[in-house]
Amino acid sequence: MPQITITMIELFALVMVGFIANKLHYMTPDSDKKLSGLIFDFTCPALVLSSVMGEQLPKRELVLPLLAVGFATYILLTPISLFLPKILKPKDGDKGIYGFMMIFGNVGFIGYPVVASIFGTSSVFYASVLNFPNTFFVFVLGSALVSGGSRIRFNWKTLISTPMLASYISILIVLTGCDNIPEVISKPIVLLGNITVPASLMIIGSQMAQMPMKKMLGTWRIYVTAGIRLIAVPLFLYCVFTLVGFNEEVVRINTIVLATPVAAYGTILCLRHNRDMSIITQGTFLTNLLSVLTIPLVASLIF
């Protein structure tokens, strides 16, 4: 079995742990909400910072192309998030959630191990640079989509949220080449950041456990959204950036992180803004399940 498929199965197993924990009453709706707040304000910023505290910084000549591709990605996807959901004709209050699911993948939680399995562990750092524009747009555009309903309201306070502050610091570390951060500082940050992936995936599983299995399969809108999220978006942008002439390695890494399932931040943001969890939970469940097949497919098409 290919390593990338094994990685996807391992990550999905953490979702199942959360599912079982909820059924056994270790996790509840109240604990999910409190844990999501802990992730948002503490462990997620630590994960962002830990991504730039490895032993080796990326090639300086690739930093700006990575940032350019990353920001161009979400600038191009913003109209999709605003207008494409209208074709699905959901309730007005749900359009933003469908838009979020179409454009935001699980870059930090699933993208890192997937990139490592395809390109090698040294490439995780490049994925972490791409995670800066992803984090920026998740907490600006993504937060507005999830909370805004039919009217998108940008809350500029997200620009000074703890995940964004961590992103500013991390990109500064990369650009200045600061690679001598003392271990007494970096190790606690890395340990705290390591909580983010399993905790976020367990919250997804816990939310799944609160819905009837029949409802988890979702509607036709969820399947169309999954196809856009997992296949159409990454391949479309791969073609665009290849035609423009960006560095081939940069484009391939960006394509793989775009092929990841719906961002776990969607669940966190829905909890934070008291939105109905059914649609985001269905989309997260289905895209995590299908990504075991679609990520290897996308990888085979771009190599």
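Residues numbered from 1 in each chain as written. Predicted model: local features only at pLDDT ≥ 70, side-chain atom pairs only at ≥ 80, totals over all residues. Heavy atoms only, no water.

1. Here we look at the overall build of the chain
Working step 1: Each helix and strand in the chain was counted, giving 15 helices and zero strands.
Working step 2: Rg of the C-alpha trace for the chain: 18 Å, near the compact-globule value of 19 Å for 303 residues, within the 12% margin.
Working step 3: Overall, the chain is about 50 × 45 × 45 Å in size when its C-alpha atoms are taken along their principal axes.
Working step 4: Every one of the 303 residues in the chain was classed for burial, and the buried ones make up 55%.
Working step 5: The long-range fraction of contacts in the chain, counting pairs at least 24 apart against all pairs at least 6 apart in sequence, stands at 85%.
Working step 6: Of the roughly 13,000 Å² of accessible surface on the chain, a fraction of 67% belongs to carbon and sulfur atoms.
Working step 7: In the chain, 20 positive and 13 negative side-chain charges are present, and the distance between their average locations comes to 14 Å. (Helix = DSSP H or I, 4+ residues; strand = E, 2+ residues; numbered from the N terminus. Rg over C-alpha atoms; globule rule 2.2 N^0.38 Å. Buried < 20%, exposed > 50% of the residue type's maximum accessible area, 1.4 Å probe, protein only. Contact = heavy atoms within 4.5 Å. Areas by Shrake-Rupley, 256 points an atom, 1.4 Å probe, with all protein chains shown as cover. Lys, Arg positive; Asp, Glu negative; His and termini not counted. Charge placed at Lys NZ, Arg CZ, Asp CG, Glu CD.)

2. What to know about the side chain of Ser161
Working step 1: Its location among the elements puts Ser161 in the loop between helix H7 (124-148) and helix H8 (162-176).
Working step 2: The exposure class assigned to Ser161 is buried, which follows from its relative accessible area of 12%.
Working step 3: Excluding residues within four positions of it along the chain, Ser161 makes contact with Phe40 and Phe139.

3. Details of empty space enclosed by the protein
Working step 1: Under the definition given, this model contains one cavity of 30 Å³ or more.
Working step 2: Empty space within the largest cavity amounts to approximately 30 Å³.
Working step 3: As for the largest cavity, its lining consists of Gly70, Thr73, Tyr74, Val107, Leu130, Asn134, Asn254, Val257 and Leu258.
Working step 4: Across the lining of the largest cavity, the residue classes tally to five nonpolar, four polar and no charged. (1 Å grid on protein atoms, 1.4 Å probe; cavity = no way out; pocket = protein on both sides within 12 Å on 5 of 7 lines; lining within 4 Å. Points joined across faces, edges and corners; volume = space filled by probe spheres on them. Nonpolar A, V, L, I, M, F, W, Y, C, P; charged D, E, K, R; others polar.)

4. Examining the confidence of the model for the chain
Working step 1: For the chain, the average pLDDT comes to 85, and 94% of its residues sit at 70 or higher.
Working step 2: Across the chain, the element-wise mean pLDDT spans from 72 in helix H11 (residues 213-216) up to 95 in helix H12 (residues 220-244). (pLDDT = per-residue confidence, 0-100.)

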